[in-house]
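# Understanding the architecture of this molecule
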Amino acid sequence: MTTVIMIIGLLIVLGIVVFVHELGHFWAARWAGVRVNTFSIGFGPAIVKWHDKHGTLWKISILPLGGYCAAYGQEDMFDRKKYAALPAAKKKGHYLSVPAWKQAIIIAGGVTLNFVLAWGIYTAMFAIKPRTVQLPVIAQVIQGSPAFAAGVRAGDIVTKIDGQHISNWGEIILAKELSRGHDADMVLLRGEKLVSVKIAPEERWGLIADGTQTELQKKNIFQAAYSGARETWVQSKTLVRVLKQIITGERSSKQLGSFITIAEYSGKAMSAGIFALLSIIALLSVNLAIINLLPLPVLDGGYLLILGVEGAIRRKLQGKGMEIVIWFGWILIILLFAFTMWNDIARVFGL
């Protein structure tokens, strides 16, 4: 895989996901009656730019690693005195001119459209491409393994792990990864009865799949839509669990990656074909949505939290204190970016 393919893959995948995210903010702002000053894909000087009939500046910038949708007056959300001093004509289309519930919809518009994008891609893939899946039937249990000690037997069918329904072997592998640090509660179908066991948190459980037990799954549009929603939910829940495990120390923070990791996976997906590329776009779209919902200042989740607090205490959070909070949020984001970049550099160069 060449560097050129990696860069092209990164630009395609990240460009689509960021564009959709910012488009969610844009459409929500237009719906709410808030003017959008700028819609940018990338940062820095513009390579291409134009104005639409509503006065929004659209541009593609020289550094295409992100983007933004700048609503009129949103930067003044913690300075209502400045807004109050504006003449009536200047208040029209201002971010602070709409009620808090509309502001929340504008903020949530980006992550909402990211989830919709992932659901749409997964739905299309389930509807178009039949899949052969490995059924969760156990052919052999290795002696001395955690599964053997727990009482799992050959011929058992795995139905649930930690409350999550299991329909194929890939979901067993995912559930094993998510059960790090605690015993996994597994429900097995043995003959006609259900059996519950607990498997110790080891790297390998000692289960071997029955390779003869496969199923060709082809779904109609309604089944595909349901499966697409379920896949989006599973991916979202998985990321939340992984982040929790990183925070609690159950999983190494070295697994966090930057643009370099995204470029590597995007390049591999491009080489593997359109369905692999679509899968990466859907997965990154879910990741961007979940990350943005974290309750950190400058992220969408942080602003939603602030709106929630304001609604609870029935007053607006204003002044220098909020400016410090926002700057603190930016510092955290920059440090996280530097950390993930270091992880990738250390991995690439074996440091």
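Below or above, wherever it landed, is the structure these notes cover. (Residues numbered from 1 in each chain as written. Predicted model: local features only at pLDDT ≥ 70, side-chain atom pairs only at ≥ 80, totals over all residues. Heavy atoms only, no water.)

### Some points on a nonpolar patch on the surface
- A cluster of nonpolar residues, F43, I47, V48, W50, I60, I62 and L63, forms a patch on the protein surface that exposes about 660 Å² of accessible area.
- Contributing elements (two or more residues each) for the nonpolar patch: β1 (36-51) and β2 (57-71).
- Among the elements that make up the nonpolar patch, the one with the highest residue count is β1 (four residues).
- Checked against the element boundaries, I62 lands in strand β2.
- Assessed through its relative accessible area of 56%, I62 is described here as exposed. (Patch = residues over 30% accessible without salt bridge, like charges linked within 9 Å, V, L, I, M, F, W, Y side chains within 5 Å. Areas by Shrake-Rupley, 256 points an atom, 1.4 Å probe, with all protein chains shown as cover. Salt bridge = Lys/Arg side-chain N within 4 Å of Asp/Glu carboxyl O. Helix = DSSP H or I, 4+ residues; strand = E, 2+ residues; numbered from the N terminus. Buried < 20%, exposed > 50% of the residue type's maximum accessible area, 1.4 Å probe, protein only.)

### Overview of the environment of M322
- If you trace the backbone, M322 turns up in helix α11 (residues 320-349).
- Residue M322 is classed as buried on the basis of its relative accessible area, which comes to 9%.
- In this structure, the C-alpha to C-alpha distance between M322 and M270, residues 52 residues apart in sequence, is 43 Å.
- Apart from residues lying up to four places away in sequence, M322 is in contact with F78, I306 and L317. (Contact = heavy atoms within 4.5 Å.)

### As for the pattern of salt bridges
- Within the structure shown, the criterion is met by seven salt bridges.
- A salt bridge links D156 to R190; the shortest N-O distance between them is 2.8 Å. On the criterion of sequence distance, the pair formed by D156 in the loop between α5 (146-150) and β5 (157-161) and R190 in strand β7 (residues 184-190) is long-range, its members being 34 residues apart.
- Take R190: its relative accessible area is 17%, and that puts it in the buried class.
- With its nearest N and O atoms 3.4 Å apart, the salt bridge here joins E177 to K176.

### Brief notes about the nonpolar core
- Counting residues in hydrophobic clusters, the biggest one holds 54 residues, and the most contacted among them are V34 and Y303.
- For this core, the element with the most residues is helix α1 (residues 3-32), which contributes 12 residues.
- Setting aside its immediate chain neighbours within four residues, Y303 contacts M77, F78, I107, V298 and I326.
- The next biggest cluster of nonpolar side chains, apart from the first, holds 18 residues, and it includes A147, I161, I172 and V197. (Core = buried A, V, L, I, M, F, W, Y, C linked by side-chain atoms within 4.5 Å.)

### Describing helix α6 (residues 169-178)
- Looking only at α6, the buried set comprises W169, E171, I172, A175, K176 and L178.
- Packing partners of the buried residues in α6 comprise β3 (131-134), β4 (138-141), β5, β6 (164-165), β9 (207-209) and α7 (221-248).
- Its side-chain oxygen placed 3.0 Å from the backbone nitrogen of G170, N168 serves as the N-cap of α6. (Polar contact = N/O pair within 3.5 Å; in protein donor to acceptor, adjacent residues only side chain to side chain.)

### Notes on the packing of aromatic side chains
- Under the counting rule described, the total for this entry stands at seven aromatic pairs.
- Seen in terms of ring centroids, F43 and Y68 are 5.9 Å apart; in terms of plane orientation they differ by 20°. Their pairing is stacked. Placement of the pair is F43 in strand β1 and Y68 in strand β2, with a sequence separation of 25 residues.
- Given the relative accessible area of 35%, F43 is considered partly exposed.
- Following the ring pairs from residue to residue traces out a cluster consisting of F19, F26, F39, W50 and W58.
- The side chain of R35 reaches across the aromatic face of Y72, ending 4.1 Å from its centre.
- For the cation-ring pair, K102 lies above W31, with the distance from its terminal atom to the ring centre recorded as 5.4 Å. (Phe/Tyr/Trp six-rings, centres within 6.5 Å; stacked < 30°, edge-to-face > 60°. Lys NZ or Arg CZ within 6 Å of the ring centre and 35° of its normal.)

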